[in-house]
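Here is what each chain is made of, one letter per residue.
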Amino acid sequence: MKWIVAAVFIWLAWHYLRPKPKQRVVTDEAEARSILGVDSSANADAIRSAHRRLIASVHPDRGGSTDLTRRVNAARDLLLKRSSR
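How each quantity is defined
- Residues numbered from 1 in each chain as written.
- Predicted model: local features only at pLDDT ≥ 70, side-chain atom pairs only at ≥ 80, totals over all residues.
- Heavy atoms only, no water.
- Buried < 20%, exposed > 50% of the residue type's maximum accessible area, 1.4 Å probe, protein only.
- Helix = DSSP H or I, 4+ residues; strand = E, 2+ residues; numbered from the N terminus.
- Contact = heavy atoms within 4.5 Å.
- Salt bridge = Lys/Arg side-chain N within 4 Å of Asp/Glu carboxyl O.
- Core = buried A, V, L, I, M, F, W, Y, C linked by side-chain atoms within 4.5 Å.
- Phe/Tyr/Trp six-rings, centres within 6.5 Å; stacked < 30°, edge-to-face > 60°.
- Lys NZ or Arg CZ within 6 Å of the ring centre and 35° of its normal.
- Axes fitted to C-alpha atoms, helices over the stretch in contact; angles between N-to-C directions.
- Parallel < 35°, antiparallel > 145°, perpendicular 65-115°, else oblique.
- Nonpolar A, V, L, I, M, F, W, Y, C, P; charged D, E, K, R; others polar.

Caption draft 1: Geometry of helix 2 (residues 29–36). Among the residues making up helix 2, those that are buried are Glu31, Ala32, Arg33 and Leu36. For helix 2, the secondary structure elements touched by its buried residues are helix 3 (44–58) and helix 4 (66–83). Of the residues trailing helix 2, Gly37 is marked for its positive phi of about 75 degrees.

Caption draft 2: Structural context of the pattern of salt bridges. What the rule picks out here adds up to 5 salt bridges. In the salt-bridge network here, residues are joined through shared partners; they are Glu29, Arg33 and Arg82.

Caption draft 3: Up close: the nonpolar core. Of all hydrophobic cores here, the largest spans 16 residues; its most connected members are Val26, Ala32, Leu36, Val38, Ile47, Val72 and Leu79. When contributions to this core are tallied by element, the ones reaching two or more residues are helix 2, helix 3 and helix 4. Looking at this core, the element that brings in the most residues is helix 4, giving 6 residues. Once residues lying within four places of it in the same chain are set aside, the contact partners of Ile47 are Leu36, Ala42, Arg76, Leu79 and Leu80.

Caption draft 4: Main features of the packing of aromatic side chains. The full count for this structure, using the stated rule, is 0 aromatic pairs. Against the face of Trp14 rests Arg18, its NZ or CZ located 4.8 Å from the ring centre.

Caption draft 5: A look at the packing of helix 3 against helix 4. Following both chains from N to C, one finds helix 3 and helix 4 inclined at 175 degrees, their axes separated by 10 Å at the closest point. When the axis of helix 3 is compared with that of helix 4, the two are roughly antiparallel. Every residue of helix 4 that contacts helix 3 at Ala44, Ile47, Arg48, His51, Leu54, Ile55 and Val58 is listed here: Leu68, Thr69, Val72, Asn73, Arg76, Leu79, Leu80 and Ser83. Considered class by class, the residues forming the contact of helix 3 with helix 4 number 9 nonpolar, 4 polar and 2 charged.

Structure (structure tokens):
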């Protein structure tokens, strides 16, 4: 009986403490532009203002989700990195 309880405890610990799979982040520039709602001629200021406008509605503190916030931030970072080149 002790072995069964120990096995169940180990399984529960493994199930709840294992690393979660990585979320898919934005890697395509076209997808990043569609997420932020900017066109290909948008400069860094337009990208930042679109990010601010969108993050205000999807932030977890405002009832949004962490996944959406992560995707919006990744889109901003990708576009700003590409626009600085």
